[in-house]
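Here's the letter readout for the chains.
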Amino acid sequence: MAELIIDTKKCIGCGLCIKSCAYNALSLANKKAVVDDDCVFCGSCIKSCPVEAIWIEREIVEIKDLTNYKDIWVLIEEDRDEILPVSYELLTKGRELAAEKKCDVNALILGNNIQKKFENIFEFGANKIYYFEGSEFNEKLDEVFIEYLDYVCKVYNPEIFLFGATGFGRSIAPKLAARLNTGLTADCTILSIDDNGLLKQTRPAFGGNLMATIICPNHRPQMATVRSGVMKAYKVIDKNRRKELINIEAIKLQNKKTELIERIIEEKTKSISDAEIIVSVGKGIGSQKNIEIVQKFADLLGAEIGVSRPLVDIGWAGYEKQIGQTGSVIAPKLLIALGISGAIQHLAGISGAQTIIAINTDPEASIFSVADYKVVGDCIEILKGVINKLTV
Ligand SMILES: Cc1cc2nc3c(=O)[nH]c(=O)nc-3n(C[C@H](O)[C@H](O)[C@H](O)COP(=O)(O)OP(=O)(O)OC[C@H]3O[C@@H](n4cnc5c(N)ncnc54)[C@H](O)[C@@H]3O)c2cc1C
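Residues numbered from 1 in each chain as written. Predicted model: local features only at pLDDT ≥ 70, side-chain atom pairs only at ≥ 80, totals over all residues. Heavy atoms only, no water.

Give a description of the sheet that holds strand S21 (residues 373-376) that names residues and reports values.
Strand order in this open sheet of five strands is S18-S17-S19-S20-S21, and the pairing throughout is parallel. Two strands in the sheet have a free side with no partner beyond their single neighbour: strand S18 (304-307) and S21. Each strand of the sheet is rotated relative to its neighbour by a mean of 20°, with strand direction disregarded. In this structure, strand S17 (residues 277-281) lies alongside strand S19 (residues 334-338), joined through five bridges in parallel fashion. Pairing of Ile-278 across the sheet is with Leu-335, part of S19. (Pairing = 2+ DSSP bridges. Helix = DSSP H or I, 4+ residues; strand = E, 2+ residues; numbered from the N terminus. Axes fitted to C-alpha atoms, helices over the stretch in contact; angles between N-to-C directions.)

Next comes the structure, spelled out in structure tokens:
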């Protein structure tokens, strides 16, 4: 835990700290700076204060013995009674990391009606499944899951804990990390083990212009989230593998702060992350009207349409169609990229595609560096020709 301290005797009310705060967490009251709950303890106000009136006090947590922490854990996430693919992808990755570390991969599943899912979880590589079945998870409230996760981490001491970078995972993983006073790397694209057995957590940084590898040497668990589709999921064929089921204890939930008034369940739309054929379009298609031609082509192939970010920005497509670093990560068997330059942020979302056909008027376009088949030309003209051939 941390606290931002403002020494009101020293504060001269100059307001420089307020200007330096990117989170609007500071204001003036009675000509003295005051801080509110939006503070993220980034420390920029400390540097801006000309009279050294601000500092951060952090609780120093001493980790006694890191050797008490073991195994790689994966939180299994469900939606509408089905395990999400990202959980299987994390189990597969967990298995690979566990082979290097010579430890177990453990799955944690909290929910209702979960027993029928154990077989699948084992099939994707879990050595142990820790579970708790109860109606308290029906409302899917963060605070209930956090209590259980906190308990599990304190009792079983996981060394590494992996979460899907889903809406749910993105919400609970940071809260858990803060509770446990440990580090969390969000949206990792590569996970590996270094020479000291630490988890190397690699993710794009600075707008995708470089890859940062982050380690968490002094705190446990080492926590990471990974987006769906970034890693592959494989079943394990190993009949002799040890499999164990561990029913964890029920926790007395005290002082529940959240009351669920209504849950609005969005209609499940087909995600482009699961599509086998994708026709992706970029600014090179020229006009919104041309999307109709692309749709006709996609329908003929039984493909989904994906787009580059500018098309979402200008309102030609919804965000759910965006591919890339800040959109979906895709892994289709076939990707046909039309009028897409291949910016690094876009390429971050397509590395899982098995075969890429790119059409671009610019022979130097970066998309060609990752394409298996390169076509230099006007994508709309080419598309019209192909549609004609397919429909005669
Ligand atoms: C922090 C950050 C995150 C980002 N996240 C994403 C992301 O998730 N996804 C994403 O896509 N982008 C993302 N971007 C934007 C990214 O940097 C690029 O700007 C974007 O991908 C470019 O889209 P584009 O290729 O459609 O357009 P452009 O770069 O404008 O390229 C258009 C291409 O079409 C070609 N062309 C033109 N006319 C034709 C024609 N008639 N036929 C064929 N080809 C033609 C051109 O030669 C050109 O190569 C992000 C940027 C930042 C800073």
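I'd like to hear about the nonpolar core, residue by residue, with values.
In terms of nonpolar packing, the biggest core is built from 32 residues, with Leu-91, Ile-121, Ile-129, Leu-162 and Leu-191 touching the most fellow members. If you tally residues by element for this core, the top one is helix H3 (residues 85-101), at six residues. Among the nonpolar cores identified, the runner-up in size contains 27 residues, and Leu-110, Ile-172, Ala-177 and Ile-251 belong to it. (Core = buried A, V, L, I, M, F, W, Y, C linked by side-chain atoms within 4.5 Å. Buried < 20%, exposed > 50% of the residue type's maximum accessible area, 1.4 Å probe, protein only.)

Give me the lowdown on a nonpolar patch on the surface, citing residues and values where you can.
Together, Leu-300, Val-386 and Leu-390 line one region of the surface with nonpolar side chains, adding up to about 220 Å² of accessible area. With a relative accessible area of 38%, Leu-300 lands in the partly exposed category. (Patch = residues over 30% accessible without salt bridge, like charges linked within 9 Å, V, L, I, M, F, W, Y side chains within 5 Å. Areas by Shrake-Rupley, 256 points an atom, 1.4 Å probe, with all protein chains shown as cover. Salt bridge = Lys/Arg side-chain N within 4 Å of Asp/Glu carboxyl O.)

I'd like a rundown of the site of the ligand, residues and numbers included.
Taken together, 26 residues lie near the ligand, and Ser-308, Thr-326, Ser-341, Gln-345 and Asn-360 sit nearest. His-346 has a polar side-chain atom sitting 2.8 Å from an oxygen atom of the ligand. A distance of 3.3 Å separates a nitrogen atom of the ligand from a polar backbone atom of Thr-361. When the free accessible area of the ligand is taken as 980 Å², the share hidden by the protein chains comes to 73%. Residue composition of the shell around the ligand, by class: six nonpolar, 16 polar and four charged. (Near = heavy atom within 4 Å. Polar contact = N/O pair within 3.5 Å; in protein donor to acceptor, adjacent residues only side chain to side chain. Nonpolar A, V, L, I, M, F, W, Y, C, P; charged D, E, K, R; others polar.)

Talk me through the sheet that holds strand S5 (residues 70-75); I want residue IDs and the actual numbers.
Hydrogen bonding along the main chain pairs the strands of a sheet, whether they run parallel or antiparallel. With parallel pairing, the seven strands of this open sheet are ordered in space as S11-S15-S10-S5-S8-S9-S16. Every other strand in the sheet has two partners, leaving strand S11 (184-188) and strand S16 (244-247) as the edge strands with one partner each. Going from strand to strand, the sheet's axes swing by 25° on average, the running direction of each strand aside. Together, S5, strand S8 (105-111), strand S9 (128-133), strand S10 (158-164) and S16 form the strand contacts of helix H5 (residues 142-156), whose direction differs from that of S10 by roughly 155°. (Contact = heavy atoms within 4.5 Å.)

Now, about H3: what can you tell me, with residues and values included?
Since one α-helical turn is 3.6 residues long, residues separated by three or four positions face the same way. In this model, H3 (17 residues) spans 24 Å end to end at C-alpha, consistent with the 24 Å of a helix rising 1.5 Å per residue. Among the residues of H3, those classed as buried are Val-86, Ser-87, Tyr-88, Glu-89, Leu-90, Leu-91, Thr-92, Lys-93, Gly-94, Leu-97 and Ala-98. (Expected span 1.5 Å × (residues − 1).)

Give a description of the packing of H5 against helix H6 (residues 167-180) that names residues and reports values.
Between two packed helices, both the angle of their axes relative to each other and the distance between the axes serve to describe the pair. The contact between H5 and H6 brings their axes to 10 Å, and the two run at 45°. As judged from the angle between their axes, H5 and H6 are oblique. In the crossing of H5 with H6, the sense of the turn from one axis to the other is right-handed. Contacts between H5 and H6 involve Asp-142, Phe-145, Ile-146, Glu-147, Leu-149, Asp-150, Cys-153 and Lys-154 from the first element and Phe-168, Ser-171, Ile-172, Lys-175, Leu-176, Arg-179 and Leu-180 from the second. Counted by class, the contact of H5 with H6 contains eight nonpolar, one polar and six charged residues. (Parallel < 35°, antiparallel > 145°, perpendicular 65-115°, else oblique. Left-handed = near helix turned anticlockwise from the far one by under 90°.)

Just give me the short version of the pattern of salt bridges, but keep the residues and values in it.
Enumeration over the complete set of coordinates arrives at 24 salt bridges. One salt bridge connects Lys-256 with Glu-139, and the closest N-O pair in it is separated by 3.4 Å. In this pair, Lys-256 is assigned in the loop between S16 and S17 and Glu-139 in the loop between S9 and H5, connecting sequence segments 117 residues apart. Of the charged contacts in the structure, one is a salt bridge between Asp-150 and Lys-154, with a shortest N-O distance of 2.9 Å.

Before we move on, could you go through the domain arrangement of the protein chain and cite the residues and values that matter?
By domain assignment, the protein chain separates into domain 1 (2-58), domain 2 (66-247) and domain 3 (272-391). One C-alpha centre belongs to domain 1, the other to domain 3; they are set 48 Å apart. (Domains from an automatic or database assignment.)

Could you give an account of unusual backbone geometry, naming the residues involved and the relevant values?
The peptide bond linking Arg-220 to Pro-221 adopts the cis configuration, its omega dihedral lying at -5°. Checked against the element boundaries, Pro-221 lands in the loop between strand S14 (210-214) and strand S15 (222-226). Of note in this structure, Asn-24 is not a glycine but carries a positive phi near 50°. Mapped onto the fold, Asn-24 is located in the loop between helix H1 (16-20) and strand S2 (26-29). Classification of Asn-24 by relative accessible area gives exposed; the value is 61%. A positive phi angle, near 60°, is found at Asn-113, a position not held by glycine.

Which residues make up the environment of Lys-9, and what are the values?
You can see Lys-9 is positioned in the loop between strand S1 (2-6) and H1. Sequence separation between Lys-9 and Ala-53 is 44 residues, and the spatial gap between their C-alpha atoms is 8.1 Å.

Give me the side chain of Gln-325: which residues, what numbers.
Along the chain, Gln-325 falls in the loop between helix H8 (309-313) and S19. You can call Gln-325 buried: its relative accessible area is 19%. With near-sequence residues (within four places) excluded, Gln-325 lies in contact with Pro-204, Gly-207, Gly-208, Arg-227, Gln-345, Ala-348 and Gly-349.

An account of the pairing of S17 is requested, with residue identities and associated values reported.
Counting buried residues along S17, four of its five residues qualify, which places the element largely inside the surrounding structure. Examined bridge by bridge, S17 and S18 share four bridges and lie parallel to one another. Residue Ser-280 lies in a different strand from S18, and its bridge partner there is Gly-306. As for the winding sense of the linkage, the β-α-β connection from S17 through helix H7 (residues 290-301) to S18 is right-handed. (Right-handed = clockwise from strand over helix to strand, strands pointing away.)

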